[in-house]
Amino acid sequence: MANLDLQSSQTLGLPLAFHGTVIHSQGLDELEILENCFILVDNTGKIQALQSNVNPSQINSFISELGYAPDVFPVKYLQRGQFLCPGFVDTHNHAPQYAQRGVGRGITLMDWLNTVTFAHEAKFKDTEYAKHMYSRCVSGFLQQGITTASYYGSLHGKATQILADICLEKGQRALVGKCNMNRNCPDWYTDSSVQESLDQTREVIQHIHNIDSESKLVRPVITPRFAISCEPDLLHGLGVIAKEHPELPIQTHFNEARGELEFTRRLFPEFRNETELYTKFGLLSDRTILAHCIFLEEEEIEEIRKLGCGVAHCPVSNTTMDSFMVAPIREYLRKGIKVGLGTDCGGGHSISMLETMRQAFVVSIARQEATRVEDTSLSLAEGFYLATLGGAQVCGLDERIGNFAVGKDFDALEIHAIELDTVGIMTPVEEEDTISVIFEKWIMTGDDRNIAKVYVQGRSVKA
Ligand SMILES: O=c1[nH]c(=O)c2nc[nH]c2[nH]1
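No experiment lies behind these values; they were computed from the predicted model shown.

Asker: I keep staring at the overall build of the protein and nothing clicks. Help me out?
Answerer: The helix and strand tally for the protein stands at 15 helices and 18 strands. Over its C-alpha atoms the protein spans a radius of gyration of 22 Å, differing by no more than 12% from the 23 Å that the globule rule assigns to 463 residues. C-alpha atoms of the protein, sized along the principal axes, occupy 70 × 50 × 40 Å. Counting the 463 residues in the protein, one finds 52% classified as buried. For the protein, the proportion of contacts with a sequence separation of at least 24, taken over those separated by at least 6, is 73%.

Asker: Can you walk me through the sheet that holds strand β10 (residues 218–220) in this structure?
Answerer: In a beta sheet, neighbouring strands are held together by backbone hydrogen bonds and run either parallel or antiparallel to one another. Taking strand neighbours across the sheet as the criterion, the four strands line up as β6-β7-β8-β10 in an open arrangement whose pairing is parallel. Edge strands, defined here as strands with exactly one partner in the open sheet, are β6 (88–94) and β10. Averaged over neighbouring strand pairs, the angle between their axes works out to 15° when direction is ignored. Contacts between helix α5 (residues 157–170) and the sheet are confined to β7 (146–152), β8 (173–177) and β10, with β8 contributing the most and set at about 175° to the helix.

Asker: Please explain the packing of α5 against helix α6 (residues 194–211) as it appears in this structure.
Answerer: Where α5 contacts α6, the axes come no closer than 9 Å and their chain directions differ by 20°. The orientation of α5 with respect to α6, classified from their angle, is roughly parallel. Note on packing geometry: the crossing formed by α5 with α6 is right-handed. Facing α5, whose interface residues are Gly-157, Thr-160, Gln-161, Ala-164, Asp-165 and Leu-168, α6 presents Gln-200, Glu-203, Val-204, His-207, Ile-208 and Ile-211.

Asker: Please clarify how the domain arrangement of the protein should be interpreted in this entry.
Answerer: Reports of interface size often rely on the accessible area that becomes lost once the parts have come together. One can read the domain layout of the protein as domain 1 (6–86 + 403–460) and domain 2 (88–394). Between domain 1 and domain 2, the C-alpha centre-to-centre distance is 31 Å. Taken together, the contacts link 19 residues of domain 1 with 23 residues of domain 2. Those elements giving two or more residues to the side of domain 1 that touches domain 2 turn out to be α15 (435–445) and β17 (451–456). Residues belonging to the side of domain 1 that touches domain 2 are distributed by class as follows: nine nonpolar, four polar and six charged.

Asker: Quick question: what am I supposed to make of the nonpolar core here?
Answerer: Generally speaking, a soluble globular protein has its nonpolar side chains buried in company with each other. Within the largest apolar cluster, 130 residues are counted, with the highest numbers of intra-cluster contacts made by Ile-39, Tyr-134, Leu-163, Cys-167, Val-176 and Leu-290. Each of domain 1 (6–86 + 403–460) and domain 2 (88–394) gives at least three residues to this core. In this view, Ile-39 contacts Phe-18, Val-22, Ile-47, Ala-49, Leu-50, Leu-84 and Phe-404; residues no more than four positions away in its chain are not counted.

Asker: Before we go on, may I ask you to explain the site of the ligand in this structure?
Answerer: Taken together, His-94, Leu-109, Leu-113, Thr-117, Arg-225, Phe-226, His-253, Glu-256, Ser-317, Asp-344 and Gly-347 make up the full set of residues adjacent to the ligand. A class-by-class count of the residues in the shell around the ligand yields three nonpolar, five polar and three charged.

Asker: Explain the confidence of the model for the protein to me, please; I cannot follow it from the model alone.
Answerer: Parts of the prediction with low pLDDT should not have their coordinates interpreted in detail. Counting all residues, the mean pLDDT for the protein is 95, and 97% of those residues have values of 70 or more. Confidence estimates for the predicted assembly give a pTM of 0.97 and an ipTM of 0.97.

Asker: When you look at the pairing of strand β12 (residues 250–254) in this model, what are you seeing that I'm missing?
Answerer: For a regular strand, side-chain orientation follows a simple rule: the groups alternate between the two sheet faces. In terms of residue burial, β12 counts as a mostly covered element, since five of its five residues are buried. Taking every second residue as pointing to the same face, both faces of β12 are buried, with Ile-250, Thr-252 and Phe-254 on one and Gln-251 and His-253 on the other. The sheet contact formed by β12 and strand β13 (residues 288–292) spans five bridges and is parallel. Pairing of Thr-252 across the sheet is with Leu-290, part of β13.

Cut-offs and rules
- Along each chain, residue indices are assigned from 1 in the same order as the chain's sequence is written.
- Given that this is a predicted model, residues contribute local features only at a pLDDT of at least 70 and side-chain atom pairs are listed and counted only at 80 or more, while totals for whole chains, interfaces and linings are drawn from all residues.
- Here a strand is any run of E in DSSP of at least two residues, a helix any run of H or I of at least four, and the numbering for each starts at the N terminus.
- Throughout, radius of gyration means the C-alpha value; the globule benchmark is 2.2 Å times the number of residues raised to the power 0.38.
- Partly exposed residues are those falling between the two cut-offs: more than 12 but fewer than 20 other C-beta atoms within 10 Å of their own, whereas 20 or more means buried and 12 or fewer means exposed, with C-beta atoms placed from the backbone.
- By the convention adopted here, residues make contact when the C-beta atoms placed from their backbones lie within 7 Å.
- Paired strands, as defined in this entry, are two strands with at least two bridges between them according to DSSP.
- In this analysis, axes come from line fits to C-alpha atoms, helices being fitted only over the stretch in contact, and the angle between any two N-to-C directions falls in the range 0 to 180 degrees.
- An angle below 35 degrees is treated as roughly parallel, one above 145 as roughly antiparallel, one from 65 to 115 as roughly perpendicular, and anything else as oblique.
- Handedness of each helix crossing follows the sense of rotation of the near helix against the far helix: counterclockwise by less than a right angle gives left-handed, clockwise gives right-handed.
- Domain segmentation is taken from an automatic or database assignment of domains.
- Classification used: nonpolar for Ala, Val, Leu, Ile, Met, Phe, Trp, Tyr, Cys and Pro, charged for Asp, Glu, Lys and Arg, polar for all others including Gly.
- When buried Ala, Val, Leu, Ile, Met, Phe, Trp, Tyr and Cys residues are joined through C-beta atoms within 7 Å, the set is termed a nonpolar core.
- Placing the C-beta atom from the backbone, one calls a residue near a molecule or strand if that atom lies within 6 Å of it.
- Within a predicted model, pLDDT stands for the predictor's per-residue confidence, ranging from 0 to 100.

Right, here's the structure in full:
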């Protein structure tokens with residue numbers, strides 16, 4: 001039995017075991033590098049043991065202590081330049097924009113929605129197209145090591161159900177939401193009424209509960225696109241659904257662009273700011289994921305902190321539309337607000353969380369310059385935390401994922417930073433490089449070619 005490979009071992013429902021380097025975050029600036037680490041994942045995909053400084057000769061006795069007969073399943077020994085780290089959590093993106101990434105750079109948000117985006121999303125009325133494109137999208141995200149994604153769907157209920165089905169089938173952990181929008185969008189791409197929008201939202205919630213009744217992988221998320229695209233009655237109705245389902249996350253775009261703020265003020269003159277607006281409709285809580293958060297007033301920052309909302313920081317799209325916009329991430333972190341990273345596919349042109357981290361570093365330096373050092377730039381450890389454990393907190397999943405604490409699900413990437421058979425883009429690793437240097441080289445220069453394996457709940461999911 002011992003010469004089974006990992007794949008066959010998994011098929012037989014046996015545990016997974018690794019020995020080698022493990023890298024994860026314990027906190028914002030607490031990167032932990034465990035060498036000679038033994039990690040055992042039980043057959044339900046949960047981490048049963050994590051122990052560093054283990055000599056390979058001790059492994060069999062460890063395995064016996066954990067209640068398994070030694071030699072029944074294989075142990076994968078990671079070589080120098082190979083390590084395990086937690087899978088990435090993408091806290092904000094749009095699945096129906098997967099095929100439009102890169103198009104429409106340098107224009108305002110509202111122009112981009114009207115000239116590029118709505119036409120792409122409208123195609124998802126066709127369920128065959130939705131099957132085809134969502135299948136490519138979910139595989140593409142998994143290939144990039146995104147083990148959890150918080151997806152906005154299109155406004156179509158059926159296509160959104162298909163997206164949830166595909167996530168489950170391909171084994172991606174996901175929040176999936178039908179996008180609510182019934183005004184300020186073209187008549188060929190709009191919810192036909194408040195009632196229809198709410199009914200379809202309820203159907204999507206029911207469907208996802210039917211296909212994954214224990215929310216092991218896929219959860220519904222209430223998804224008003226933003227206040228501009230929702231009439232007050234629709235926001236009110238979504239607030240009612242949020243109240244009826246206190247377990248459900250909520251996501252929306254928030255304080256994203258100057259034009260968007262002005263338009264929102266014109267539509268809702270009765271509210272001082274967006275925080276007051278969404279609070280009034282019962283949409284802000286510790287389950288809410290707020291994408292962007294660029295221009296919050298002091299009182300809003302204090303309010304979202306008190307409410308426990310999470311911020312999805314999307315530095316790629318924020319700096320490639322018509323202006324260079326920088327969210328005050330250091331301030332949010334200093335105040336104890338949850339922050340994760342979002343690729344914001346397709347406003348963001350890249351679905352690589354490595355790229356997203358790198359852009360987060362760049363914009364944090366811009367912020368440091370602008371605030372004359374008060375808001376110090378992000379460290380490598382902090383960027384990695386935002387991409388993993390921080391994102392898990394924002395999605396309300398940190399009890400389950402985000403690092404390798406015993407009892408959590410094994411959502412992991414196996415990184416091969418020294419390519420033997422292919423020449424990748426990553427900085428070459430040299431004899432004298434420590435594991436910290438190899439890790440930094442991967443974060444700053446690696447890509448998906450270095451992501452050899454992707455696991456979600458212990459299942460190998462990268463094609
Ligand atoms: O980046 C963004 N992408 C979108 O699709 C969108 N809709 C409203 N606001 C938005 N921002």
